[in-house]
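Each chain, letter by letter, is given below.
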Amino acid sequence: MELKQILKRVDLFRGLNNAQIDQIASISQEENYDQGVVIFKQGSAGDKMYIVGAGQLEVQVRDSDGTTYAAIYLGEGQIVGEMALIDQGKRSASVMAVENGTTIYSIPNHEFTALCERDTAIGYIMMRNIAQDLSFKLRHRDFDPSGS
Amino acid sequence: MSMIYKVSYVVQGGEYPGGIKNQEEKPEVGTLVQIGLMMFEVMEVHDMMPPRDDFQFLHATVKPASHRKN
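Note that the coordinates shown come from a computational prediction; the quantities given were computed from them, not determined experimentally.

(A) Local environment of the overall build of chain A. From N to C terminus, chain A includes five helices and eight strands. Listing the helices and strands of chain A from first to last along the sequence gives α-α-β-β-β-β-β-β-α-β-β-α-α. Taking 148 residues into account, the globule formula puts the C-alpha radius of gyration at 15 Å, and chain A, at 15 Å, falls close to it. In terms of principal-axis extent, the alpha carbons of chain A reach across some 45 × 40 × 30 Å. A total of 148 residues make up chain A; the buried ones form 32% of that total. Considering only residue pairs separated by 6 or more positions, chain A has 72% of its internal contacts joining residues 24 or more positions apart.

As structure tokens, then:
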């Protein structure tokens, strides 16, 4: 599938028109990983955000006593690494490919920020969508299957 | 563009991490889904928030597929 069609199926880019999607595609880079390959490590500098095109990513967190655990799996259409884009902080988790043939699309922070500042309509939509994605992840984390 | 379902999968019991993925078909009770390297069976599906444009946002509670009784 063409990159532009893939991006249209990611809710991070919901609300962008074709020309704006083209601009996002122009700063996106395809990366392919096999099972177990670490894409970034917790505590490292965050200079890109990523979109899952195919396969799954495992998000691993190392807590204060040194225990590492899988926190969530992110599949097609999900974004990861966006927190560092927002707050310029270090990576809050490590991320690795779950299966062979995992395809992700990276967007460098400095190019993304420059695009949002150059075209503030894109900037508004993207920041709104990132906030909504973070909200979705919080609701996922806090969901109680018992309904209580 | 057809509807895209962004699904939050939560594993019953909480011992295994859940997942989030986009799907072209709405999950239903009994649907099998891969989370990580394991297969799970959907037990419940709820709307998480109102749909926006072509996206619908869902919660699904799942259990390991190997625990199926049938």
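(B) The overall build of chain B, seen in detail. Broken down by element type, chain B carries zero helices and five strands. For chain B, the sequential pattern of α-helices and β-strands runs β-β-β-β-β. Against the 2.2 N^0.38 benchmark of 11 Å for 70 residues, chain B shows a C-alpha radius of gyration of 12 Å, consistent with a compact globule. With the principal axes as the frame, chain B shows a C-alpha extent of 35 × 20 × 20 Å. In chain B, the proportion of contacts linking residues at least 24 apart, taken out of those at least 6 apart, comes to 38%.

(C) Spotlight on the pairing of strand E5 (residues 55–64) of chain B. All names here are of chain B. Alignment of strand E1 (residues 4–11) against E5, held across eight bridges, turns out to be parallel. Paired with Tyr 5 across the bridge in E5 is Gln 56. Pairing of strand E4 (residues 38–52) with E5, which is carried by nine bridges, proceeds in the antiparallel orientation. Bridge assignment links Met 49 to a residue of E5, and that residue is Phe 57. Following E4, the chain reverses through two residues before pairing antiparallel with E5; Asp 53 in that reversal takes a positive phi of roughly 50°.

(D) Focus on the environment of A:Ala97. All names here are of chain A. With respect to the helices and strands, Ala 97 occurs in strand E7 (residues 94–97). Expressed as a C-alpha distance, the spacing of Ala 97 and Tyr 69, which sit 28 residues apart in the sequence, is 15 Å. In this structure, Ala 97 is in contact with Tyr 33, Asp 34, Gln 35, Gly 36, Val 37, Ile 39, Gly 55, Leu 57 and Thr 102, ignoring residues within four places of it in sequence.

Thresholds, definitions, all that
Residues numbered from 1 in each chain as written. Chains lettered and ligands numbered in written order. Predicted model: local features only at pLDDT ≥ 70, side-chain atom pairs only at ≥ 80, totals over all residues. Helix = DSSP H or I, 4+ residues; strand = E, 2+ residues; numbered from the N terminus. Rg over C-alpha atoms; globule rule 2.2 N^0.38 Å. Buried ≥ 20, exposed ≤ 12 C-beta atoms within 10 Å, placed from the backbone. Contact = placed C-beta atoms within 7 Å. Pairing = 2+ DSSP bridges.

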